[in-house]
Structures are given as C-alpha cells and as structure tokens.
Amino acid sequence: MLATIFSNIDYGLITFVGIMTAFAATCFLLHKCGKYLPHDQGREFAHDGKLSAGKPRGAGVVFILVFAGAVLLFARCSIEMVIYLSMVVASMLTGYLDDCAKNPWGEYKKGLLDLLIAVMTAVTYLNFNGNTFRILSLNMEVTLHPIIFGILIVVLVWTSINVTNCSDGVDGLSGTLTIITLATIYMIMRMEQNDVDFSYTILLFIVCILGYLWYNATPSRMMMGDAGSRAMGIFISIAILKTGSPLLYIPVALVLILDGGLGLLKVALLRFLKIRIFRNTCLPLHDHVRKSLGWSNTQTVFRFSIIQIIMSFAVIYLLFG
C-alpha cells in the first residue's frame, strides 16, 4: 500500500521500514498478547511432551496476522498475492481454532480443511501462472494438462502443510527449518530475478518467524501451535510454486519432509494398508534422536538445521555454480 501511495519515494526505504516494523510488531504483540493465548495441555505421546504443559500456545495467530498486515502495508500487492494471503490466514485460523478447542479436532476434519485450502491455492496459481513449470537443474520446461498439474499442486500444498505441522515438537525447530527453507527459496528467486515483489514477502515472513523465535528459543516461553505451523507450511508451498520450479521443494525442505513426513507415511500405511514400517523408530524423527540417541533439544535444532543448510548450499551451487 505505502509502496503504491508513495511511488516517488525510494522503494528500498519502504521495504527496509517494512522489515523492521514487522519484526518489532511481532515481538511487541507477542509480549503483550501472550497471556491471552490458550495454554498447552502437554502432548501425551511426544518425547518430553509434558514439559510444554501450561505454556501459551497458538502464537502463530499473532505473527501470521502481523505478516499479513505488513504485506498489505509495505509490499506491492496483486490480486494473486491477496488471495495467497487469505489462504495463509485461513490455514492459521484452522490451526488456531484447533489450538483453542477443549477437544482436539480429528485428523480427518483437519485433513479435509487442508484439502479445501490446497484446492483453492492450486486454482489461484493455475489462473495467474499457467500450467508450465521448469526443471532448473536440467534447464527445461514441462507443460502438463491443467487438471494434472492442479492435482500435483494440491498434493504439494497439502503435504507441505502437514509435514511442517508434524515437525513442530521441539523448541525452535520448525521455525528455524522454515527460515532456512524460505531463505533458500529467496536466494533462488533473486538469482533467477523471478518475481521481486513476492520475494520481498518471503523476507517479511522470515522476520515475523524470527520475532516469534525470540520467545521460543530453548527454554521456550510460548509455542506457535497449529496456528503457526500450518500457516508456515502453506507459505512454503506457495513460495516454491512462485519460483516456477516446484520440484525444488524436495531438496530445499528435505529435513522438514523427513522429520514430519515419515511419521505421516507410517501412520497412513498402517491405517489404510495394514503395513508396518519403521517398527523400531520413534517418529517424528526429532523424537527419535532425542529418545534413542540422547540428543538435547538444542542439539536437535542445530544438527537438523546444519543438515538443511548443507543441502541448501548444494542446491544453490548445482543451479548457479
């Protein structure tokens, strides 16, 4: 909004103010509003899950709303961007309502809501960007039938929402991994000179997560809840789609996929096909390394982050080295 109104002012100054404002607003509002958030009941089946009992939960409602406000105020917003913002906020709200509920929502209810949001995101992307995507490592373009591409986008968005949600179980882990993933996507977009306006929204999202991590670093004072993790997941999927190379989701979010995705795979195979895998592995992986390998929370965050940073460096060098 400000970028449009004050078009004669250097846009770089407006974006600088936007980044600083988003971070400061996130920190201030979390400090003031934390006491009004619902409190965690502890996770019965998670390793050390009882330690989270009593902490404010659902902080995602604060930093996601700050992010949305910062984008509307400081970024150049197209109709497409406004729709994406609506989808991010919708994912946050579904998560926050679950955070507030006395009885947690069932998996099928949450999965259906995620599916509806994923379908709306896919329709929006296809309408504004078409049905062609790139494979950067091979320097080639692929065009799919819109329905097929739309189904694949739905799978990507739904998967990203849920693996990111499942990776949220250690202070600072999912937020830090999301920052690394989004920073990698940002660098790819800038090197490709691809959609500068959207890449700025990635920076705004990152600084809002950083404002939250100020309170979530071990030992945490509050937790993002499903309100934050689900919104982070959908934003990652939208960001990777906007690179025009959705297959990059696999390497740039690899640790999130493995940490949260293996647990989803294990449960799905057992429930629907009666196939048992990873019998001796506690999932998500962040629970396994803490319970079986004796890693502390800090070691888990650092080591998982190091793995993703190395993968991100390798991807960037592969594409632009």
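Position numbers for residues count from 1 along each chain, tracking the sequence in the order it is written. This being a predicted model, a pLDDT of at least 70 is required before a residue's local features are given, and a value of 80 or more before pairs of side-chain atoms are given or counted; all residues contribute to the totals for chains, interfaces and linings. Hydrogen atoms and water are omitted, and side-chain values are computed over all heavy atoms in the structure.

A. Broad picture of the packing of aromatic side chains. Within 6.5 Å between ring centres, the rings of Phe, Tyr and Trp (the latter by its six-membered ring) count as paired, and their orientation is classed by plane angle as stacked under 30 degrees, edge-to-face over 60, tilted in between. This model, assessed by the stated rule, comprises nine aromatic pairs. On the numbers, 5.3 Å between centres and 35° between planes, the contact of Phe63 with Tyr212 is tilted. Within this pair, whereas Phe63 is found in helix 3 (residues 60-74), its partner Tyr212 is found in helix 8 (residues 196-216), the two being separated by 149 residues in sequence. By way of ring pairs, the aromatic residues Phe67, Phe198, Phe205 and Phe235 are connected into one cluster. Cation placement over rings: the criterion is NZ of Lys or CZ of Arg within 6 Å of the ring centroid and within 35° of the ring normal. A cation sits over an aromatic face here: Arg303 above Trp295, 4.8 Å from the ring centre. Numbering of helices and strands runs from the N terminus; a helix is a DSSP stretch of H or I covering at least four residues, while a strand is a stretch of E covering at least two.

B. A look at the environment of Gly172. Residue placement: Gly172 occurs in the loop between helix 6 (146-166) and helix 7 (173-191). Categorising residues by exposure relies on relative accessible area from a 1.4 Å probe, with only protein chains included: less than 20% of the type maximum marks a residue as buried, more than 50% marks it as exposed, and the intermediate range marks it as partly exposed. What makes Gly172 buried here is its relative accessible area of 8%. Excluding residues within four positions of it along the chain, Gly172 makes contact with Leu213, Asn216 and Val301. Note on contacts: a residue pair qualifies if any of its non-hydrogen atoms lie within 4.5 Å across the two residues.

C. Just the pattern of salt bridges, in detail. By salt bridge we mean one thing: a side-chain nitrogen of Lys or Arg within 4 Å of a carboxyl oxygen of Asp or Glu. With the rule as written, the count across this model stands at eleven salt bridges. Between Arg230 and Asp114 there is a salt bridge, with the nearest N and O atoms lying 2.5 Å from each other. Taken together, the residues Arg230 in helix 9 (residues 225-242) and Asp114 in helix 5 (residues 107-129) connect sequence positions 116 residues apart. Given the relative accessible area of 1%, Asp114 is considered buried. Of the charged contacts in the structure, one is a salt bridge between Arg134 and Glu192, with a shortest N-O distance of 2.5 Å. In this pair, Arg134 is assigned in strand 1 (residues 132-135) and Glu192 in the loop between helix 7 and helix 8, connecting sequence segments 58 residues apart. With a relative accessible area of 29%, Glu192 lands in the partly exposed category.

D. Molecular detail of unusual backbone geometry. Here Thr218 and Pro219 are connected by a cis peptide whose omega angle stands at -5°. Looking at the secondary structure, you find Pro219 in the loop between helix 8 and helix 9. Its identity is not glycine, yet Lys274 carries a phi of approximately 55°, on the positive side. Mapping Lys274 onto the fold places it in the loop between helix 11 (254-273) and helix 12 (285-291). Although it is not a glycine, Phe278 sits at a positive phi angle of roughly 55°.

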